Amino acid sequence: MQIGLVGLQYSGKTTLFSTISGTDKTDASQGKEEAQIEVVNIPDERLNKLTEMFQPKKTVHATIEVYDTPGLRMSDDGKVKITTTFLNNVRNNDALFYIIRQFAEDTVSHPMNSIDAIRDIEFLDTEFLFSDLAFLESRIEKLKKEVMKSKDERLKKELPLIEKCYAHVEAEKHLRTLTLDENETKMLSGYQLLTLKPLAIGINLDESSINNVNDIIDSIKTKLNNPGVEIIPFFGKIEFELSQLSAEDRATFMQDYGIKESALSKILRTSYEILGLHSFFTVGEDECRAWTIRKNDTAQQAAGVIHTDFFNKFIRAEVVHYEEYLKHGSFPKCKEAGVWRLEGKEYIVKDGDILSIRHS
Ligand SMILES: Nc1nc2c(ncn2[C@@H]2O[C@H](COP(=O)(O)OP(=O)(O)O)[C@@H](O)[C@H]2O)c(=O)[nH]1
Ligand SMILES: [Mg+2]
């Protein structure tokens, strides 16, 4: 799974990317046209705890790929324009994170020459709607021609769906707010429509805002017409500086600044949430590991994530929830307490289940 940090130039994307990846990428990325990619561990206290209990040879976190997309800059005519390279980068992402500048800093210019979070968000929204509209329009034309020529039932079903999408986008509404059934979602999945992708918005604040974060975020929320989109405040520069410190010092400074959860953790957690993902664990002396699955995935699908063979040869899953394991301390004790279960392939895996797959 990939999340893309997208936004205007100098909104703090690379600074945030550096914090997330734990390295300083701010110089390396200057003026680069292509996106930087980093595979990032999803922080998980439960996995740390399991590692303490099992002392395995290896601990493997669930991961997510973060893309630092080159920002949109002012072109020669003084306007900020969307480029094809930019759109191609963004299309490959599974979820998008707008990174919006709200920090004031005289030494850092803004491609639109002033700080205005709402304008910047609406700029991105409009460009993405426009890109989807153009795609849908050409798809409709193509389908109309093909439907006349061919007897393909799929094409006949696709046309009304694309027309429905077109009407929605034309009314300036994101496709993610359109109700689609499973089949429709499947039909659209190959097209990489931008406003269909899960979205969250990160607002990059400066120190002067530390005492009125809630007011700023509330005011942005009321002005925006973006129902259901999560808006996450963070302090790009401070958090980057903190990430360079030891864990102990970081904790102290975070407390001083009143930052309860780091931007890193908030953004990764939100990405998981908007992508509809969660984790299950496998444990043992060799390895403790967190695996990523979709909410509502079955035990058989979870087994398939571990190994494709396990999907086909699935017999049963041994299941104990993490909380129960923590409470009882061992599998035999869990059995005694009746919290160790054998589940079939249709079982819906819960976030934090510890699984062991029986297969043929
Ligand atoms: N004061 C302040 N400066 C920031 C903040 N975030 C980023 N910057 C600075 O803004 C400039 C552009 O940041 P960068 O992360 O490269 O932006 P990008 O173009 O979106 O990747 C750099 O000089 C950063 O140090 C912030 O929260 N506060
Ligand atoms: Mg950058």
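Here's what I pulled together on the structure shown here. Note that this is a predicted model, so its numbers are computed, not measured.

**With respect to the overall build of the protein**
Right, so step 1: Tallying secondary structure elements over the protein gives 14 helices and twelve strands in all.
Right, so step 2: Seen through its C-alpha atoms, the protein measures out along the principal axes to roughly 70 × 65 × 35 Å.
Right, so step 3: A total of 360 residues make up the protein; the buried ones form 46% of that total.
Right, so step 4: A separation threshold of at least 6 residues defines the contact pool for the protein, and within that pool the share at least 24 residues apart is 67%.

**Examining the pairing of strand E4 (residues 63–68)**
Right, so step 1: Both strand E1 (residues 2–6) and E4 contribute to a ladder of four bridges, which runs parallel. In the sheet register, Ile3 faces E4, and the bridge partner there is Val66.
Right, so step 2: Direction of pairing for strand E2 (residues 36–41) relative to E4: antiparallel, over a ladder of six bridges. Within E4, the position partnered with Val39 by the bridge is Glu65.

**Description of the environment of Glu122**
Right, so step 1: Position of Glu122 relative to the elements: it lies in helix H4 (residues 117–149).
Right, so step 2: Judged by relative accessible area, which is 37%, Glu122 ranks as partly exposed.
Right, so step 3: In sequence terms Glu122 and Thr298 are 176 residues apart; their C-alpha atoms lie 39 Å from each other.

**Quick notes on the pattern of salt bridges**
Right, so step 1: What the rule picks out here adds up to 16 salt bridges.
Right, so step 2: The closest approach of N and O atoms between Glu52 and Lys49, which form a salt bridge, is 3.7 Å. Here Glu52 pairs with Lys49, and both are found in helix H2 (residues 45–54), just three residues apart, close to one helical turn.
Right, so step 3: The class of Glu52 is exposed, set by a relative accessible area of 52%.
Right, so step 4: On the basis of relative accessible area, Lys49 is assigned to the partly exposed category, the value being 34%.
Right, so step 5: Between Asp120 and Arg119 there is a salt bridge, and its shortest N-O distance comes to 3.0 Å.
Right, so step 6: The network of salt bridges with common partners includes Asp44, Arg46 and Asp351.

**A word on the sheet that holds E1**
Right, so step 1: Read from one edge of the open sheet, six strands run E2-E4-E1-E5-E6-E7, paired in mixed fashion. Each edge of the open sheet is held by one strand with a lone partner, namely E2 and strand E7 (230–234). Geometrically, the sheet is characterised by an average inter-axis angle of 25 degrees between neighbouring strands, direction not taken into account.

**Comments concerning the pairing of strand E5 (residues 95–101)**
Looking along a regular strand, one sees the side chains alternate between the two faces of the sheet.
Right, so step 1: Among the seven residues that make up E5, seven are buried, leaving the element largely enclosed by the rest of the structure.
Right, so step 2: A two-sided burial pattern is seen for E5, the buried positions comprising Ala95, Phe97, Ile99 and Arg101 on one face and Leu96, Tyr98 and Ile100 on the other.
Right, so step 3: Bridge count between E1 and E5: four bridges; the pairing is parallel. Bridge pairing in E5 links Gly4 to Leu96.
Right, so step 4: Sheet topology places E5 next to strand E6 (residues 199–204); six bridges connect them, and they run parallel. Note that in E6 the partner of Ile100 across the bridge is Ile203.

**Brief notes about the environment of His359**
Right, so step 1: Note that His359 resides in strand E12 (residues 353–359).
Right, so step 2: Separated by 66 residues in the primary sequence, His359 and Ile293 have C-alpha atoms spaced 19 Å apart.
Right, so step 3: If we ignore the near neighbours within four places in the chain, the residues touching His359 are Phe310, Lys313, Phe314 and Ile315.

**Brief notes about the packing of aromatic side chains**
Right, so step 1: Scanning the entire structure with this criterion turns up eight aromatic pairs.
Right, so step 2: Taken together, a centroid distance of 5.5 Å and an interplanar angle of 25 degrees make the contact between Phe54 and Tyr325 stacked. Taken together, the positions of Phe54 in helix H2 and Tyr325 in helix H13 (residues 322–328) put the pair 271 residues apart, joining distant regions of the chain.
Right, so step 3: For Tyr325, a relative accessible area of 6% translates into the label buried.
Right, so step 4: Ring geometry for Phe280 against Trp291: centres 6.3 Å apart, planes inclined by 10 degrees, an arrangement best described as stacked. Of the two residues, Phe280 sits in strand E8 (residues 277–282) while Trp291 sits in strand E9 (residues 287–294), which places them eleven residues apart along the sequence.
Right, so step 5: Three or more aromatic residues joined by ring pairs make a cluster, and in this case those are Phe54, Tyr325 and Phe331.
Right, so step 6: Of note, Arg289 hangs over the ring of Trp291, and the distance from its end group to the ring centre comes to 3.9 Å.

Conventions used here
Residues numbered from 1 in each chain as written. Chains lettered and ligands numbered in written order. Predicted model: local features only at pLDDT ≥ 70, side-chain atom pairs only at ≥ 80, totals over all residues. Heavy atoms only, no water. Helix = DSSP H or I, 4+ residues; strand = E, 2+ residues; numbered from the N terminus. Buried < 20%, exposed > 50% of the residue type's maximum accessible area, 1.4 Å probe, protein only. Contact = heavy atoms within 4.5 Å. Pairing = 2+ DSSP bridges. Salt bridge = Lys/Arg side-chain N within 4 Å of Asp/Glu carboxyl O. Axes fitted to C-alpha atoms, helices over the stretch in contact; angles between N-to-C directions. Phe/Tyr/Trp six-rings, centres within 6.5 Å; stacked < 30°, edge-to-face > 60°. Lys NZ or Arg CZ within 6 Å of the ring centre and 35° of its normal.

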